Amino acid sequence: MSEDWRPRTRLVHAGTRRSHYGETSEAIFLTQGFVYPDAATAEARFIASGEDEFIYARYGNPTTRMFEDRIAALEGAEAAFATASGMAAVHGALFCQLQAGDHVVSARALFGSCLYIIETLLPRFGVEVTLVDGTDLDQWRAAARPDTRLFFLEALSNPTLEVIDIAGVAEIAHGVGAELVVDNVFATPILQRSLALGADVVIYSATKHIDGQGRCLGGVVLGRQDFVRGPLEGFMKHTGGAISPFNAWVLLKGMETLDLRCRAQAATAERIATEFPGTPGLARLIYPGLPDHPQHALAARQMETGGTMLALEIEGGKAGAFRFLDALRIIAISNNLGDAKSLVTHPATTTHQRLSAEQRAALGIGDGMVRLSVGLEDPDDLVGDIRQALAAV
């Protein structure tokens, strides 16, 4: 790869490994194991594998390595490790560097499964956790301690779209010798570079925008070479969270259109965001690209656009939200996001349903809130679909 390649070129070409056949499309190495020419080679490879040497698909695979190298080239990371799902990435990135007695500071506004790991699993293994309002740097500062090992946050919170000052949190974390781990899913690897802002580790659920077509699960953790090929790779190899080579190939092909898709989706999201404020049936619309968003100025500094996600507060609480959802004709009800198809979900009864009403209220997740992931449909058709659904409220 040439260092002066721009992102869209890297998304098409970075990390490519061609066999002696000279194939145009990247090959799928659907194999779980590899053979060696002799016993001495097997011994040597188990001691230290070279860049293009593999042992077992749980440890690495040529197709998987192409995906890892390509996403690392896009993100500006030294290395990447692909995982079976986004939650496998979160689990591995946290657990590989924590032990009993450590302290973690985390934003409280998180996806339900991330919150389960932070709030339930980590304390079960003797890790103390302090939850803070991610948008308040003073709370991060007050929570930091000499034994704080790790800070964790979502760059854009799910589903309320709070924007966190990554550079500011990174400075606080590094001041106490802690690592900053950022889940960058909502911001996408196209619209925000969290490593450049100061994050030490970046996580993606590749199931979302990177695949972007509803085909498979996958995740990836990116960071320094010594972290990824050290504690992270060791943990993932022995706990079995590695990605399937077929899924890695699907994600690799998805990356070729990632820039085009994300920018088109973000443009449509901005169109929707400016179309509906003040419309009957809609109490509030949350979008980081709008001037009325509480962290709009921060979002403008960190992100190229306001992103592909919106949150809509529908009048009438749960009943009103359900009437809105059931009236949609193009936009499908699904808890996935980042897809070519526009998707909508009701967080209070799906992704965050295990939280108490009090917990949801503290996070700003009302009974009338719906999360909208904008797809690739014609913007006029989506605007019309939302308009007629709001009329049904």
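Throughout what follows, the structure given in this document is the object of discussion. (Residues numbered from 1 in each chain as written. Predicted model: local features only at pLDDT ≥ 70, side-chain atom pairs only at ≥ 80, totals over all residues. Heavy atoms only, no water.)

## Here we look at the overall build of the chain
Point 1. For the chain, the count of helices and strands is 17 helices and twelve strands.
Point 2. In terms of overall dimensions, the chain is globule-like: its C-alpha atoms have a radius of gyration of 21 Å, near the 21 Å expected for 393 residues.
Point 3. Judged by the C-alpha coordinates and their principal axes, the chain covers about 75 × 50 × 35 Å.
Point 4. A sequence separation of at least 24 residues applies to 74% of the contacts in the chain between residues at least 6 apart.
Point 5. Of the roughly 15800 Å² of accessible surface on the chain, 52% is carried by carbon and sulfur atoms.
Point 6. Taken together, the 34 basic and 47 acidic charged side chains of the chain have centroids lying 3 Å from each other. (Helix = DSSP H or I, 4+ residues; strand = E, 2+ residues; numbered from the N terminus. Rg over C-alpha atoms; globule rule 2.2 N^0.38 Å. Contact = heavy atoms within 4.5 Å. Areas by Shrake-Rupley, 256 points an atom, 1.4 Å probe, with all protein chains shown as cover. Lys, Arg positive; Asp, Glu negative; His and termini not counted. Charge placed at Lys NZ, Arg CZ, Asp CG, Glu CD.)

## Some details on the sheet that holds strand β2 (residues 103-107)
Point 1. If you walk across this open sheet you meet the seven strands as β1-β7-β6-β5-β4-β2-β3, and the pairing is mixed. Whereas interior strands pair on both sides, the edge strands pair on one side only; in this sheet they are β1 (79-83) and β3 (128-132). Sheet twist, expressed as the average angle between the axes of neighbouring strands with direction ignored, equals 20 degrees.
Point 2. Most of the contacts of helix α3 (residues 62-75) go to β1, to which it runs at about 130 degrees, and overall it touches β1, β6 (201-205) and β7 (219-223). (Pairing = 2+ DSSP bridges. Axes fitted to C-alpha atoms, helices over the stretch in contact; angles between N-to-C directions.)

## Thoughts on helix α15 (residues 317-327)
Point 1. Regarding α15, the residues found buried are G320, A321, F324, L325 and A327.
Point 2. If you follow the buried residues of α15, they end up packed against β9 (309-314), β10 (332-333), β11 (343-345), β12 (369-373) and α17 (379-392). (Buried < 20%, exposed > 50% of the residue type's maximum accessible area, 1.4 Å probe, protein only.)

## Observations concerning the packing of aromatic side chains
Point 1. Applying the stated criterion across every chain yields a total of five aromatic pairs.
Point 2. Residues F246 and W249 carry aromatic rings whose centres are separated by 6.2 Å and whose planes lie at 35 degrees to one another, so their mutual orientation is tilted. With a gap of three residues between them, F246 and W249 both fall in helix α12 (residues 245-255), about one helical turn apart.
Point 3. The positively charged end of K237 is found above the aromatic ring belonging to Y59, 4.5 Å away from the centroid. (Phe/Tyr/Trp six-rings, centres within 6.5 Å; stacked < 30°, edge-to-face > 60°. Lys NZ or Arg CZ within 6 Å of the ring centre and 35° of its normal.)

## Side note on the sheet that holds β12
What links the strands of a sheet is backbone hydrogen bonding, and the strands pair in either a parallel or an antiparallel sense.
Point 1. Taken in spatial order, the five strands line up as β8-β9-β12-β11-β10 in an open sheet, and their pairing is mixed. Strand pairing shows two members of the sheet lacking a second neighbour, β8 (282-286) and β10, which therefore form its edges.
Point 2. When β9 meets β12, the two strands line up antiparallel, connected through five bridges. For L310, the partnering residue across the bridge sits in β12 and is L372.

## A word on the packing of α15 against α17
Point 1. Their axes nearest at 8 Å, the elements α15 and α17 cross at an angle of 140 degrees. Classified by the angle their axes make, α15 and α17 are oblique. Judged by the twist between their axes, the crossing of α15 over α17 is right-handed. Residues R323, F324 and A327 of α15 form the contact with α17, whose own contacting residues are D385, I386, Q388, A389, L390 and A392.
Point 2. Here the contact of α15 with α17 is built from residues that sort into six nonpolar, one polar and two charged. (Parallel < 35°, antiparallel > 145°, perpendicular 65-115°, else oblique. Left-handed = near helix turned anticlockwise from the far one by under 90°. Nonpolar A, V, L, I, M, F, W, Y, C, P; charged D, E, K, R; others polar.)

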